[in-house]
Amino acid sequence: MPITDADGLRRVLGHDRVAVVGASTDYDKAAHIVPAYLQRHGYELTPVNPTADEIFGEPAFDSLADVPDPVDIVEVFRPSEEVPGIIEQALARDDVRAVWLQPGITHDAAARDAEAAGLDVVQDRCMKVEHGQLIRNPMD
């Protein structure tokens, strides 16, 4: 079952290296706003977008498989039908601990595969919203 409880969400949010699959260069899109917020709050971002060279001041990679640096969380801003392939790439790595599917993105079968392999899975939730409610210091 995907994580929905506050303690589980806090555990996932406690990791700090995030590969953002579908990161956007468009400042008005959630796929830019949410990761930029996370970066401002100390997360190390690695953008994954085959049409960009750089996002958030970081080099962008064509796919999750191309990311050379360690990844704790794979944050997904791609359509639900692309989730199985993304999770397959996440499972091929030995560093990924969690997959986070943003609002409107779900894939129960792929989520079960990830969970069976020991990954935490969050579906249909905003990482920025959850961070703001569960982690962020109110004085920020």
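Relevant structure appears above.
Residues numbered from 1 in each chain as written. Predicted model: local features only at pLDDT ≥ 70, side-chain atom pairs only at ≥ 80, totals over all residues. Heavy atoms only, no water.

K.L.:
Kindly report on the overall build of the chain, identifying the contributing residues and their values.
P.N.:
For the chain, the helix and strand inventory stands at five helices and seven strands. The secondary structure elements of the chain, listed N-terminal to C-terminal, are α-β-α-β-β-β-β-α-β-α-β-α. Computed over the C-alpha atoms, the radius of gyration of the chain is 14 Å, within 12% of the 14 Å expected from 2.2 N^0.38 for a compact globule of 140 residues. With respect to the three principal axes, the spread of C-alpha positions in the chain is 35 × 35 × 25 Å. Split into buried and exposed, the 140 residues of the chain put 48% on the buried side. Within the chain, counting contacts between residues at least 6 apart in sequence, those at least 24 apart form 62% of the total. When the accessible surface of the chain is split by element, carbon and sulfur atoms take 46% of a total near 7100 Å². Distance between charge centroids for the chain: 6 Å, based on 12 positive and 26 negative side chains. (Helix = DSSP H or I, 4+ residues; strand = E, 2+ residues; numbered from the N terminus. Rg over C-alpha atoms; globule rule 2.2 N^0.38 Å. Buried < 20%, exposed > 50% of the residue type's maximum accessible area, 1.4 Å probe, protein only. Contact = heavy atoms within 4.5 Å. Areas by Shrake-Rupley, 256 points an atom, 1.4 Å probe, with all protein chains shown as cover. Lys, Arg positive; Asp, Glu negative; His and termini not counted. Charge placed at Lys NZ, Arg CZ, Asp CG, Glu CD.)

K.L.:
Would you mind going over the pairing of strand E6 (residues 98-101) in detail, with residue names and values included?
P.N.:
By the alternation rule, side chains of E6 split into Ala98 and Trp100 and Val99 and Leu101, which are all buried. Two elements, strand E5 (residues 73-76) and E6, share four bridges in a ladder whose sense is parallel. Note that in E6 the partner of Ile73 across the bridge is Ala98. In this fold, the crossover linking E5 to E6 by way of helix H3 (residues 83-91) has right-handed handedness. A crossover connection joins E6 to the parallel strand E7 (residues 120-122) through helix H4 (residues 108-116); in handedness this β-α-β unit is right-handed. (Pairing = 2+ DSSP bridges. Right-handed = clockwise from strand over helix to strand, strands pointing away.)

K.L.:
Now, about the nonpolar core: what can you tell me, with residues and values included?
P.N.:
When a protein is soluble and globular, its nonpolar side chains tend to lie buried together. Counting 25 residues, the largest nonpolar core has Trp100 and Met127 as its most contacted members. If one sorts the elements of this core by residue count, helix H2 (residues 30-40) sits on top with five residues. Setting aside residues no more than four positions away along its own chain, Met127 makes contact with Leu13, Val18, Val34, Leu38, Tyr43, Ile73, Glu75, Trp100 and Gln102. In this structure, Val76, Val96, Ala111 and Leu119 belong to the second largest nonpolar core, which totals 22 residues. (Core = buried A, V, L, I, M, F, W, Y, C linked by side-chain atoms within 4.5 Å.)

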